[in-house]
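# A closer look at the structure
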Amino acid sequence: MKKLLLAITLFTVAGNVQAQTASCCHSDAITDFAGLANSGNFVMQHANPLPYTYAGVEGQGVTFPATDGKDAAGFLFKAKSASNLYLFVYQEWWGLNDYIKKESEKLYNDLGGKVNVLALDMYDGKTATEAAEAGKLMQATPRARLQAIMEGALKYAGPGAKIATLGWCFGGGLSLQSGLINGKQNIGDVMYYGMPEKDVEKLKTLHAPVLGFFANKDKGINPQVVAEFKKNMAAAGKSLTVYTYDADHGFANPSNPIYDSNATREAYAHAIAFLKKQFGVK
């Protein structure tokens, strides 16, 4: 009965999200991801995250203007020396929770503290601990607001910044969308099992390579979706490197019971190598 109620709740959420986004733009990857809430199998791959409290000391909360006239927020790990290098980190559908802060700190340290790592708050201070809550937060965040935050982050970094992006799940799709928004300042995008952009004309505007990690057992971003992404990127003449794992959606989330430490370790090594190359750091 609980599974049935959850599926019904998220079906309603997805319909509302699609209705909201349709008013500001045509169907895109972000809207398509919201539609996956219709799938009970996909929803059940998102177990409630285990409790965790971030105890780091290097990061700090920041605010900046979004392009819709409202403030946006993030959690910043500032480079140890003045740097125009930025990594934008995009949350899962749970929001900018303490797990994302922890992962951002790890990325910051493994990039030698030479890159400004900014984890963006796409839900304006809200986080979820249950799948139904996460669905409602997606419903309450219009596509236009997501875009305004991404555009605001670009302005916050500044016109001279070189920007890479990384995200998981919902944030995996946002990572690629952010790369498109960042234009010539984009130097690389990392997607963990996120919804790809399907519009070849949009993909033609990418200015940097994409690195993608996907799961063969994923009930939403499945192998057919990945194959289409490869085809579309080739048609756009863009660089895409894909690694697939015999794992489930969310395999890199340590708070998820289906966490796959081996796949996560291998994917992370590829991600850090990619980012170091794109940033030109050792």
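In case you missed it, the structure is sitting above this.
This text gives an overview of the structure that appears in the document. (Residues numbered from 1 in each chain as written. Predicted model: local features only at pLDDT ≥ 70, side-chain atom pairs only at ≥ 80, totals over all residues. Heavy atoms only, no water.)

### Topic: the side chain of Q177
Filter applied, for reference: Runs of H or I in DSSP of at least four residues are treated as helices and runs of E of at least two as strands, each being numbered from the N terminus. Remark: exposure states derive from per-residue accessible area (1.4 Å probe, protein chains only) relative to the maximum for the residue type, with buried under 20%, exposed over 50%, and partly exposed in between. Contacts are assigned to residue pairs with any non-hydrogen atoms lying within 4.5 Å of each other.
Within the fold, Q177 resides in helix α7 (residues 170-181). With a relative accessible area of 4%, Q177 lands in the buried category. If we ignore the near neighbours within four places in the chain, the residues touching Q177 are A29, I30, R143, M150 and E197.

### A word on the packing of helix α4 (residues 98-110) against helix α10 (residues 261-279)
What counts is decided by this rule: Here, axes are lines fitted to C-alpha atoms. For helices the fit covers the stretch in contact, and angles between N-to-C directions go from 0 to 180 degrees. Just so you know how the angles are binned, under 35 degrees is roughly parallel, over 145 roughly antiparallel, 65 to 115 roughly perpendicular, and the rest oblique. Left-handed describes a crossing in which the near helix is turned anticlockwise from the far one by less than a right angle; the clockwise case is right-handed.
Interaxial distance between α4 and α10 falls to 11 Å at its minimum, and their mutual angle equals 55 degrees. Judged by the inter-axis angle, α4 sits oblique to α10. The interaxial crossing formed by α4 with α10 has right-handed handedness. Each of K106, L107 and D110 in α4 lies in contact with α10, whose residues at this interface are Y268, I272, L275 and K276.

### Things to note about the packing of aromatic side chains
Spelled out, the test is: Ring geometry is summarised as follows: Phe, Tyr and Trp rings, the Trp one being its six-membered ring, pair when their centres sit within 6.5 Å, and such pairs are stacked at plane angles under 30 degrees, edge-to-face over 60 and tilted between the two. When the NZ atom of lysine or the CZ atom of arginine is within 6 Å of a ring's centre and also within 35 degrees of its normal, the charge is said to sit over that ring.
Under the definition given, this model contains 14 aromatic pairs. With centroids separated by 5.7 Å and ring planes inclined at 35 degrees, the aromatic side chains of F77 and Y108 adopt a geometry described as tilted. With F77 in strand β2 (residues 71-77) and Y108 in helix α4, this pair connects stretches of sequence that are 31 residues apart. Under the relative-accessibility criterion, Y108 is labelled buried at 3%. Here a set of aromatic residues connected by ring pairs shows up, and it is made of W168, Y192, Y193, F213, Y243, Y245 and F251. The ring of F75 has K101 lying over it, and the distance from NZ or CZ to the ring centre is 4.7 Å.

### Some remarks on the pattern of salt bridges
Where we set the bar: The term salt bridge refers to a pairing of a side-chain nitrogen on Lys or Arg with a carboxyl oxygen on Asp or Glu at a separation within 4 Å.
According to the stated counting rule, one finds five salt bridges in the structure shown. For D98, the salt bridge goes to K101, with nearest N and O atoms at 3.8 Å. Here the residue D98 and the residue K101 both occupy positions in helix α4, the gap between them amounting to three residues, near one helical turn. Salt-bridge contacts for E201 lead to K204; the nearest nitrogen and oxygen are separated by 3.2 Å. Under the relative-accessibility criterion, K204 is labelled partly exposed at 39%. Look at the salt bridges and you will find they share partners, linking D68, D124 and R145 into a network.

### A short note on the sheet that holds strand β6 (residues 186-192)
Here is the rule we go by: Strand pairing is assigned whenever DSSP identifies at least 2 bridges connecting the two strands.
Strand order in the open sheet formed by eight strands is β1-β2-β4-β3-β5-β6-β7-β8, with mixed pairing between adjacent strands. Here the strands that pair on one side only, and so sit at the sheet edges, are β1 (60-65) and β8 (240-245). For this sheet, the mean angle separating the axes of adjacent strands, direction not counted, is 20 degrees. Sheet analysis places strand β3 (residues 85-90) next to strand β5 (residues 162-168), joined by six bridges and oriented parallel. Note that in β5 the partner of V89 across the bridge is L166. Across the sheet, α7 lies against β3, β5, β6 and β7 (210-215), angled at about 160 degrees from β5, the strand it touches most. In this fold helix α9 (residues 223-236) packs onto β6, β7 and β8, with an angle of close to 170 degrees to the strand it touches most, β8.

### As for the pairing of β6
Heads up, the condition is: Seen with its strands pointing away from the viewer, a crossover is right-handed if its path from the first strand over the helix to the second goes clockwise.
Counted residue by residue, β6 has seven buried out of seven residues, so it is predominantly covered. By the bridge criterion, six bridges tie β5 to β6 in an arrangement that is parallel. Its bridge partner being in β6, A164 is matched across the sheet by G188. Between the parallel elements β5 and β6, the chain passes through α7 in a crossover that is right-handed. Bridge analysis of β6 against β7 gives four bridges, and the strand direction is parallel. Looking at the pairing, V190 lines up with L211 of β7.

Keep in mind these values describe shape, not function.
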